[in-house]
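Below, each chain spelled out in residue letters.
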Amino acid sequence: GGSLAADKAAIAGGGAGKSKNALHSVIRSKGFVWLANYPQSAHYWSHAGHYFSLESLGIWWVTTALSEWPKQRPDINKVLEDFDRGEGRFGDRRQEIVFIGIDLDQDVVEELLDACLLSDAEMQEYLKRAKPNAVHVDFTSDPPQVLAAGAPSA
């Protein structure tokens, strides 16, 4: 992505009125968010009308000690449904927000949200400072194996 300052300037420049109108058409939004300054905590975003809250739900599964994980395979599989199966370094951390509105301009809303994401340089700095995950998931095994961080794969 581009720089955060450039993104904010672009929005503040020509698109400020369009951005404001796009958000006025949002009636309800809710979901899960990952905040860079609270990397261990999952947060719940809830908005309806003029009400908005952002509350900590606890910690992400990827930051939860293996001893605290569910013991039954169906429960583990349910948790793993939300895990990143690519590089896997972020586990279940994610941005997952649903927006409901009338004549909602999805592209403008996405631009506004994308401007809130870390730039590439900010993400590199974040990765340098981030605590290691508590677990690693080996998706190459069947079923996937959840291992304590640093444990060798089976």
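A brief report on the enclosed structure follows. (Residues numbered from 1 in each chain as written. Predicted model: local features only at pLDDT ≥ 70, side-chain atom pairs only at ≥ 80, totals over all residues. Heavy atoms only, no water.)

**Points about the pattern of salt bridges**
Applying the stated criterion to the full structure yields five salt bridges. One salt bridge connects arginine 94 with aspartate 82, and the closest N-O pair in it is separated by 3.4 Å. In this pair, arginine 94 is assigned in the loop between helix H3 (73–80) and strand S4 (96–101) and aspartate 82 in the loop between H3 and S4, connecting sequence segments 12 residues apart. On the basis of relative accessible area, arginine 94 is assigned to the buried category, the value being 16%. Residues glutamate 96 and arginine 94 are paired through a salt bridge, measuring 2.9 Å at the closest nitrogen-oxygen approach. Classification of glutamate 96 by relative accessible area gives partly exposed; the value is 38%. Here the salt bridges do not stand alone but share partners, grouping Asp82, Arg94 and Glu96 into one network. (Salt bridge = Lys/Arg side-chain N within 4 Å of Asp/Glu carboxyl O. Helix = DSSP H or I, 4+ residues; strand = E, 2+ residues; numbered from the N terminus. Buried < 20%, exposed > 50% of the residue type's maximum accessible area, 1.4 Å probe, protein only.)

**Topic: the side chain of serine 29**
With respect to the helices and strands, serine 29 occurs in strand S1 (residues 26–34). Within the local environment of serine 29, its side chain forms a polar contact with the side chain of tryptophan 45, the two groups lying 2.8 Å apart. Setting aside residues up to four positions removed in sequence, serine 29 forms contacts with Trp45, Ser46, His47, Ile97, Val98 and Phe99. (Polar contact = N/O pair within 3.5 Å; in protein donor to acceptor, adjacent residues only side chain to side chain. Contact = heavy atoms within 4.5 Å.)

**Notes on the sheet that holds strand S3 (residues 51–59)**
Strands sit in the order S3-S2-S1-S4 across an open sheet of four strands; the sheet is antiparallel. On the outer flanks of this sheet lie S3 and S4, each paired with one strand and no other. Across the sheet, the mean angle from the axis of one strand to that of its neighbour is 10°, orientation sign disregarded. With seven bridges joining them, S1 and strand S2 (residues 41–48) adopt antiparallel strand pairing. Bridge pairing in S2 links serine 29 to histidine 47. (Pairing = 2+ DSSP bridges. Axes fitted to C-alpha atoms, helices over the stretch in contact; angles between N-to-C directions.)

**Points about the nonpolar core**
The nonpolar side chains of soluble globular proteins are, as a tendency, buried together. Among the nonpolar cores identified, the biggest contains 14 residues, and Trp69, Leu80, Phe83 and Val146 are the most heavily contacted of them. Going through the elements one at a time, H3 and strand S5 (135–138) are the ones with two or more residues in this core. No other element matches the three residues that H3 contributes to this core. Excluding its chain neighbours within four sequence positions, the residues that come into contact with valine 146 are Leu66, Trp69, Ile76, Leu80, Val135, His136 and Val137. (Core = buried A, V, L, I, M, F, W, Y, C linked by side-chain atoms within 4.5 Å.)

These results come straight from atomic positions and should not be treated as a statement about function.
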